[in-house]
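Structural overview for review
This is what each chain is made of:
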Amino acid sequence: MASERSPNVYGGPPPQSDLRLLLLGRVGAGKSTVAKTILGRENFRSEGGMCVKKQGEVAGRTVTVVDTPGWDTVKYTSTHIKQEIKNSVTLCPPGPHALLLVVPMGDPLSSAERKAIRYHMELLSVRAWKFTMVLFVSEAEEKCTSIEQNQMIDRAKSILVKCGDRHHLLECGNSPPQISELLIKIDAMVAENCEEFLIPQVYYELMEKMPREVTELRRMYEDREDRLKQKYKTELKEKEEELKKYREEEKPKERLMKRTSSSQLLPPSISTEKQDGSVMADHQKVDLQAVKQGYREEALSVVGHYVKPLIVIMTAVVGALMGAVAGAEHGTLGACIGIPIGIILAVLVSYAVRGAATAARDISITVKPEENESQRREERAGFFLDSPKSKIFDKDQ
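The rules behind the values
- Residues numbered from 1 in each chain as written.
- Predicted model: local features only at pLDDT ≥ 70, side-chain atom pairs only at ≥ 80, totals over all residues.
- Heavy atoms only, no water.
- Helix = DSSP H or I, 4+ residues; strand = E, 2+ residues; numbered from the N terminus.
- Buried < 20%, exposed > 50% of the residue type's maximum accessible area, 1.4 Å probe, protein only.
- Contact = heavy atoms within 4.5 Å.
- Areas by Shrake-Rupley, 256 points an atom, 1.4 Å probe, with all protein chains shown as cover.
- Pairing = 2+ DSSP bridges.
- Right-handed = clockwise from strand over helix to strand, strands pointing away.
- Salt bridge = Lys/Arg side-chain N within 4 Å of Asp/Glu carboxyl O.
- Phe/Tyr/Trp six-rings, centres within 6.5 Å; stacked < 30°, edge-to-face > 60°.
- Lys NZ or Arg CZ within 6 Å of the ring centre and 35° of its normal.
- Expected span 1.5 Å × (residues − 1).
- Axes fitted to C-alpha atoms, helices over the stretch in contact; angles between N-to-C directions.

Some details on the overall build of the protein chain
Scanning the protein chain from N- to C-terminus turns up ten helices and six strands. The buried share among the 397 residues of the protein chain stands at 29%. Summarising the internal contacts of the protein chain: among those between residues at least 6 apart in sequence, 71% fall at separations of at least 24. Carbon together with sulfur atoms contributes 59% to the accessible area of the protein chain, which is approximately 26500 Å² in total.

In structure tokens:
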């Protein structure tokens, strides 16, 4: 990653941990000589109509150089050479950081040559210009003046416009500082491209195609899902409407059947007996409540049987303590006399309170049965007067 690399000792952006370079140019442009100069090797030789890949360590990092076969004019370049140029990108996976377009110094760069450069460069795709740098080369013995350099740049102006005016003058076979300057410019271009590299066109087309196909497939499935949802909603709504309509049609029939069956199956005497039974059930409910009340009172009496002696004992203890405290003013003898006196007084008070509570409860119990008995008599009288049998008896009278 970029954050892990130290800045270049010559200034500029930090170098790549490894660098992949692709050399392109016409026949006899000096690509093999440039490869030798960059890698510092003498055994780098061309394979004629084949691409050659070499690797070496330059300035403390691995540099891979791929030399491509030179092209001719557009008309005379063979199909094999064109295919080799296209395949050259795949020799330095995942792709080259820089394409070095090698142009000899003093080359006239006629319109046919410029056309050939554009045609063969774009065999790698139009994107190739984004990663291209023009490399003007000359022999170390041939010193180029600034005027010659400016003239060469003017002749290559249409090519330089396409690659963002990136160019470098390299004297082949010269000292390493020139290679360091070239690498600094290449690193600057890589940094400008956000450390991207040229992806082979076949992979690029596949990558461009996949998201589009995935998007279309997703949209197709979403449309199908929406159609199915809409279909199921419509069917469900229709079924609900049919069920609602069926229920509305069946309700009057059910009521009629219930009335008919009840009138046919139940004679008047049975219906009267049903009413009597319901009234008797109400009376049974009242009696059941009275029984429950009796059980509740019995449970309370049982609890009181055990709790009351405990209360008396506690009261006696409290009275003893109070008597002891009161008699302590007269010494030990007074305390001893105060204890039984306090117990006796506490027990008398507790029995007095208990007697009052019992009398109040007996009064409420005697009053409540009388009320319940009078209420039962009234209900029985009302039941007898409202019953169908009493009405029949009135008619007979």
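Back to the text.
Here we look at the pairing of strand β5 (residues 132-139)
The buried fraction of β5 amounts to seven of the eight residues, a majority that puts the element mostly inside the structure. In terms of strand pairing, strand β4 (residues 98-104) meets β5 through six bridges, oriented parallel. Residue pairing across strands places Pro104 opposite Val137, the latter belonging to β5. Crossover connection from β4 via helix α3 (residues 111-121) to parallel β5: handedness right-handed. Where β5 lies against strand β6 (residues 167-172), six bridges are found, and the strand directions are parallel. In the sheet register, Val137 faces β6, and the bridge partner there is Leu170.

Details of the pattern of salt bridges
Here the structure, examined in full by the defined rule, presents five salt bridges. Among the salt bridges present, the one from Arg20 reaches Asp18, with a minimum N-O distance of 3.1 Å. Linking Arg61 and Asp187 is a salt bridge whose minimum nitrogen-to-oxygen distance equals 2.9 Å. In this pair, Arg61 sits in strand β3 (residues 61-67) while Asp187 sits in helix α6 (residues 176-192), placing the two residues 126 residues apart along the sequence. In this structure, Arg61 and Asp187 share a single accessibility class: buried.

Considering the environment of Gly342
Secondary-structure assignment places Gly342 in helix α9 (residues 332-386). Sequence separation between Gly342 and Ala326 is 16 residues; the distance between their C-alpha atoms is 9.2 Å.

Re unusual backbone geometry
For the bond from Pro93 to Pro94, the omega torsion is 0°, close enough to zero to count as cis. Tracing the sequence through the fold places Pro94 in the loop between α2 (79-87) and β4. Although it is not a glycine, Leu109 adopts a positive phi angle of roughly 50°. Within the secondary structure layout, Leu109 lies in the loop between β4 and α3.

What to know about the packing of aromatic side chains
Within this structure, the stated rule accounts for zero aromatic pairs. The aromatic ring of Phe197 is capped on one face by Arg20, whose charged end is 5.4 Å from the ring centroid.

A look at α6
Its 17 residues give α6 an end-to-end C-alpha distance of 24 Å, which sits within 8% of 24 Å, the value for a rise of 1.5 Å per residue. Of the residues making up α6, those classed as buried are Gln178, Ile179, Ser180, Leu182, Leu183, Ile184, Ile186, Asp187, Met189 and Val190. Just beyond α6, the residue with positive phi is Cys194, at close to 60°.

Some thoughts on the environment of Cys51
With respect to the element layout, Cys51 can be found in the loop between α1 (31-39) and β2 (52-58). For the pair Cys51 and Ile81, spaced 30 residues apart in sequence, the C-alpha to C-alpha distance is 9.4 Å.

Here's the deal with the pairing of β2
Within a regular strand, side chains alternate between the sheet's two faces. Alignment of β2 against β3, held across seven bridges, turns out to be antiparallel. Residue Glu57 lies in a different strand from β3, and its bridge partner there is Thr62. Following β2, the chain reverses through two residues before pairing antiparallel with β3; Ala59 in that reversal takes a positive phi of roughly 55°.

Some thoughts on the sheet that holds strand β1 (residues 18-24)
The mixed open sheet is built from six strands, whose spatial order is β2-β3-β1-β4-β5-β6. Across the chains shown, the open sheet's two edge strands, defined by having one partner strand only, are β2 and β6. Direction aside, neighbouring strands of the sheet carry axes that sit 30° apart on average. Relative to β3, β1 runs parallel, the two sharing six bridges. From the neighbouring strand, Leu19 faces β3, where its bridge partner is Val63. Sitting on the sheet, α6 touches β1, β2, β3, β4, β5 and β6, and the angle it makes with β6 is about 155°.

Focus on the environment of Leu124
Looking at the secondary structure, you find Leu124 in the loop between α3 and β5. Relative accessible area serves as the criterion here: at 3%, Leu124 is assigned to the buried category. In the structure, Leu124 is positioned 37 residues away from Asn87 in sequence and 8.7 Å away in space, judged by C-alpha atoms. Sequence-distant contacts of Leu124, that is, excluding residues within four places in its chain, are made with Leu22, Leu24, Ile85, Lys86, Ser88, Val89, Leu99, Leu198 and Gln201.

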